[in-house]
Amino acid sequence: MSTPTDGPAAPGPTPDQAPGDAPTTPVSRAGTVPLTETTRGTDAAPGAAVALAHSPAGSPADDEEAAERGRLDVALSVVRKIAEYAADHTAGTVRTQRRLAGLDLGESGASAKVSGYGEQVDLRLEVPLAYPARITESAAAVRDHVRERVQALTPYRVRSLDIGVSALTDPAARATPRTPTSRTE
């Protein structure tokens with residue numbers, strides 16, 4: 001007596017296989033298809049992948065699925081990093097040399113402090129700007145770019161954004177290395 005199966009019967013033992021050993025060829029079942037192939041049409045041939053239909057992004061079905069999965073919390077330290085990165089990549093800002101007692105410690109750019117409650121954050125940026133340039137225009141560009149990037153990448157709304165100019169640096173002067181002067185002639 002045989003029992004019904006979902007697909008073709010598993011192959012019997014091969015000549016070099018004992019009757020109790022598992023078959024060495026894969027067993028195929030109806031409805032299973034590899035994910036690397038695609039098919040057009042509704043009836044998929046055996047061994048052809050079925051294209052999955054997705055609802056458009058932003059549809060009510062996506063919103064319901066997102067609500068079922070849980071919630072997203074973005075740490076304020078992440079908001080700080082996004083703000084610093086956005087400020088450093090705004091036209092008019094520069095990176096400055098960090099020195100301590102004549103030792104070169106590398107470069108530094110914008111630094112941010114973030115505070116907030118709920119869905120709103122307050123940012124305080126210290127930004128080194130290029131000199132000579134209009135400080136008000138450079139600060140406005142930084143403010144707009146940082147606000148846009150933080151609100152685009154995080155669930156937070158920027159309530160206030162204060163900018164302090166930490167340094168004015170001439171980028172052309174930094175490009176040419178200083179040569180030491182000789183004290184003896």
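Everything discussed here concerns the structure shown above.
Residues numbered from 1 in each chain as written. Predicted model: local features only at pLDDT ≥ 70, side-chain atom pairs only at ≥ 80, totals over all residues. Heavy atoms only, no water.

### Describing the packing of helix 2 (residues 76–88) against helix 3 (residues 135–153)
In contact at an axis separation of 9 Å, helix 2 and helix 3 are set at 140° when each is read in the N-to-C sense. Here helix 2 lies oblique to helix 3, going by the angle between them. Read as a crossing pair, helix 2 and helix 3 show a hand that is right-handed. Only Val 142, His 145, Val 146, Arg 149, Val 150 and Leu 153 of helix 3 make contact with helix 2, whose side of the interface consists of Val 79, Ile 82, Ala 83, Ala 86 and Ala 87. The class makeup of the residues in the contact of helix 2 with helix 3 is nine nonpolar, one polar and one charged. (Axes fitted to C-alpha atoms, helices over the stretch in contact; angles between N-to-C directions. Helix = DSSP H or I, 4+ residues; strand = E, 2+ residues; numbered from the N terminus. Parallel < 35°, antiparallel > 145°, perpendicular 65-115°, else oblique. Left-handed = near helix turned anticlockwise from the far one by under 90°. Contact = heavy atoms within 4.5 Å. Nonpolar A, V, L, I, M, F, W, Y, C, P; charged D, E, K, R; others polar.)

### Description of the nonpolar core
Taken as a class, soluble globular proteins show a tendency for nonpolar side chains to be buried jointly. Among the nonpolar cores identified, the biggest contains 19 residues, and Ala 83, Leu 123, Leu 125, Val 146 and Val 150 are the most heavily contacted of them. Secondary structure elements with two or more residues in this core: helix 2, strand 4 (120–130), helix 3 and strand 5 (157–169). Beyond its immediate sequence surroundings of up to four residues, Leu 125 is in contact with Ala 83, Ala 87, Ser 111, Ala 112, Val 142, Val 146, Leu 161, Asp 162, Ile 163 and Gly 164. (Core = buried A, V, L, I, M, F, W, Y, C linked by side-chain atoms within 4.5 Å. Buried < 20%, exposed > 50% of the residue type's maximum accessible area, 1.4 Å probe, protein only.)

### Focus on the sheet that holds strand 5
Strands sit in the order 3-4-5 across an open sheet of three strands; the sheet is mixed. At either margin of the open sheet sits one strand with a lone partner, and together these are strand 3 (111–117) and strand 5. Across the sheet, the axes of successive neighbouring strands diverge by a mean angle of 15°, strand direction being ignored. For strand 4 and strand 5, the ladder comprises eleven bridges, and the chain directions are parallel. Looking across to strand 5, one finds that Leu 123 is bridged to Leu 161. The strands touched by helix 2 within the sheet are strand 3 and strand 4, with strand 3 carrying the most contacts at an inclination of about 140°. Relative to the sheet, helix 3 contacts strand 4 and strand 5, its axis offset from that of strand 5 by approximately 140°. (Pairing = 2+ DSSP bridges.)

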